[in-house]
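Summary of structural features
Chain residues, written in single-letter form:
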Amino acid sequence: MPIATMGLVLRQVRVGEADQILTLLTPDLGVISASAKGSLRLKNKLFSACGLFCYSEFTLTSGRSHYFVDSAQVRRVFHGLSQSIEGMGLAAYMAEIAAALSPAPPEAEAQLRLLLNCLYLLSEQKRTPGQLKSIYELRAMTLAGYMPNLLACEDCGKYEGGEFYLDPQEGTLLCADCAEKARHVPNLDTGALYALRHSCLSEDKQLFNFKLSPPSQRLLNKASEQYLLAHLEQCPKSLDFLRTVLS
Ligand SMILES: [Zn+2]
């Protein structure tokens, strides 16, 4: 029985002359591998829908270890991504995280929506790569069930005011005083703390609607990346490259 599904191409691995194994993020099947025969040939009917970061409608048949792509229609191409090296670097990084988290339904649909929104805003340059990186890291971890405890200082209950410390391993907050007692150096200013809470807790439609000064954004980026790395089994391979192109 053929299966029809939407899917975002997270990864392509070339096999032989013109075949590929695709890693797809789908709403109903989660992350799957699918063989796309001949899809690297320009004149192949699968060519345009199987490109990296294409969002396409696939018809699949199920094999023993993976799926086979029977047909595919492209629905959305994020053309702007390939116009900047930061865009390609960040898209590759986010796709690698999505594949590593490998969400199952129903989480897969929310992770897919998050990634599509980030790719769109990145492609259209409606948000900076730095802002999208921290939002994606924090929101993807939240959807995966790893939301830090953002309510208040873990020790004294202080909600806001002054600097705070996000413990990347524990996922807890400490206010500046309690951080000093625990011999930690605060890593968030007021703006970064607000954006941290917003990135994890806001409604979907408000997620990308906040402004942060460049210094606060830099603090948040450092903290959110540390938090992500502390909770992923492996450091994403694409991170080294991304670090060299993101200022
Ligand atoms: Zn405190």
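Here, the structure is the one placed above.
The rules behind each value
- Residues numbered from 1 in each chain as written.
- Predicted model: local features only at pLDDT ≥ 70, side-chain atom pairs only at ≥ 80, totals over all residues.
- Heavy atoms only, no water.
- Helix = DSSP H or I, 4+ residues; strand = E, 2+ residues; numbered from the N terminus.
- Rg over C-alpha atoms; globule rule 2.2 N^0.38 Å.
- Buried < 20%, exposed > 50% of the residue type's maximum accessible area, 1.4 Å probe, protein only.
- Donors = N, O, S within 2.8 Å, 3.2 Å for Na, K, Ca; no water.
- 1 Å grid on protein atoms, 1.4 Å probe; cavity = no way out; pocket = protein on both sides within 12 Å on 5 of 7 lines; lining within 4 Å.
- Points joined across faces, edges and corners; volume = space filled by probe spheres on them.
- Polar contact = N/O pair within 3.5 Å; in protein donor to acceptor, adjacent residues only side chain to side chain.
- Contact = heavy atoms within 4.5 Å.
- Pairing = 2+ DSSP bridges.
- Salt bridge = Lys/Arg side-chain N within 4 Å of Asp/Glu carboxyl O.
- Axes fitted to C-alpha atoms, helices over the stretch in contact; angles between N-to-C directions.
- Core = buried A, V, L, I, M, F, W, Y, C linked by side-chain atoms within 4.5 Å.
- Domains from an automatic or database assignment.

Regarding the overall build of the protein
- Counting its regular elements, the protein contains seven helices and eight strands.
- Here the C-alpha atoms of the protein give a radius of gyration of 20 Å, agreeing with the 18 Å that 2.2 N^0.38 yields for 247 residues.
- Along the longest, intermediate and shortest principal axes, the C-alpha atoms of the protein span 65 × 35 × 30 Å.
- Counting across all 247 residues of the protein, residues that qualify as buried make up 48%.

Quick look at the coordination of the zinc ion
- Looking at the metal site, the zinc ion is ligated by Cys153 (SG), Cys156 (SG), Cys175 (SG) and Cys178 (SG), spaced 2.3 Å from it.
- Judged by relative accessible area, Cys156 falls into the partly exposed class, the value being 48%.
- Under the relative-accessibility criterion, Cys175 is labelled buried at 2%.

Overview of the layout of surface pockets
- The computed volume of the second largest pocket comes to approximately 340 Å³.
- In terms of lining, the second largest pocket is formed by 15 residues, of which the most central are Ala100, Leu101, Leu232, Glu233 and Gln234.
- Ranked by residue count, the leading element in the lining of the second largest pocket is helix α1 (residues 85-101), at four residues.

Remarks on the side chain of Glu137
- With respect to the secondary-structure elements, Glu137 resides in helix α3 (residues 129-143).
- On the basis of relative accessibility, which here comes to 0%, the residue Glu137 falls in the buried class.
- Here Lys133 takes part through its side chain, which lies 2.9 Å from a polar atom of the side chain of Glu137.
- There is a polar contact of 3.4 Å between the side chain of Glu137 and the backbone nitrogen of Glu225.
- Setting aside residues no more than four positions away along its own chain, Glu137 makes contact with Tyr93, Asn221, Ser224, Glu225 and Leu228.

Thoughts on the pairing of strand β7 (residues 164-167)
- Burial along β7 is two-sided: the residues Phe164 and Leu166 and Tyr165 and Asp167 are all buried.
- Hairpin connection of β7 to strand β8 (residues 172-175): four residues between the antiparallel strands, including Gly171 at a positive phi of 70°.

Looking at the pattern of salt bridges
- One pass over the structure, following the stated rule, counts eight salt bridges.
- A salt bridge links Asp204 to Arg113; its shortest N-O distance comes to 2.8 Å. Of this pair, Asp204 sits in the loop between α5 (190-201) and α6 (214-231) while Arg113 sits in helix α2 (residues 107-123), and the two are 91 residues apart along the sequence.
- In this structure, a network of salt bridges that share partners links the residues Lys133, Glu137, Glu225, Asp240 and Arg243.

Focus on the environment of Gly157
- Examined against the element boundaries, Gly157 turns out to sit in the loop between β6 (149-153) and β7.
- Remark: the alpha-carbon pair of Gly157 and Leu174, spanning 17 residues in sequence, is separated by 8.7 Å.

Concerning the sheet that holds strand β3 (residues 30-36)
- An order of β1-β2-β3-β5-β4 is seen for the five strands of this closed barrel, with the pairing classed as mixed. On average, each strand axis in the sheet is tilted by 50° relative to the strand beside it, whichever way the strands run.
- The pairing of strand β1 (residues 3-15) with strand β2 (residues 19-26) spans seven bridges and is antiparallel. Within β2, the residue paired with Val15 across the bridge is Asp19.
- Contacts from α2 reach β1, β2, β3, β4 (55-62) and β5 (67-76), with the element oriented near 105° to β2.

Here we look at the nonpolar core
- In terms of nonpolar packing, the biggest core is built from 58 residues, with Leu8, Leu115, Tyr136, Leu188 and Leu196 touching the most fellow members.
- Top contributing element to this core by residue count: α1, with nine residues.
- Residue contributions to this core reach at least three from each of two domains, namely domain 1 (3-76) and domain 2 (85-245).
- In this view, Leu8 contacts Thr23, Leu24, Leu25, Phe53, Cys54, Tyr55, Phe78, Leu112, Leu115, Leu116 and Leu119; residues no more than four positions away in its chain are not counted.
- Counting residues in hydrophobic clusters, the runner-up holds 14 residues, among them Leu22, Cys50, Leu60 and Val69.

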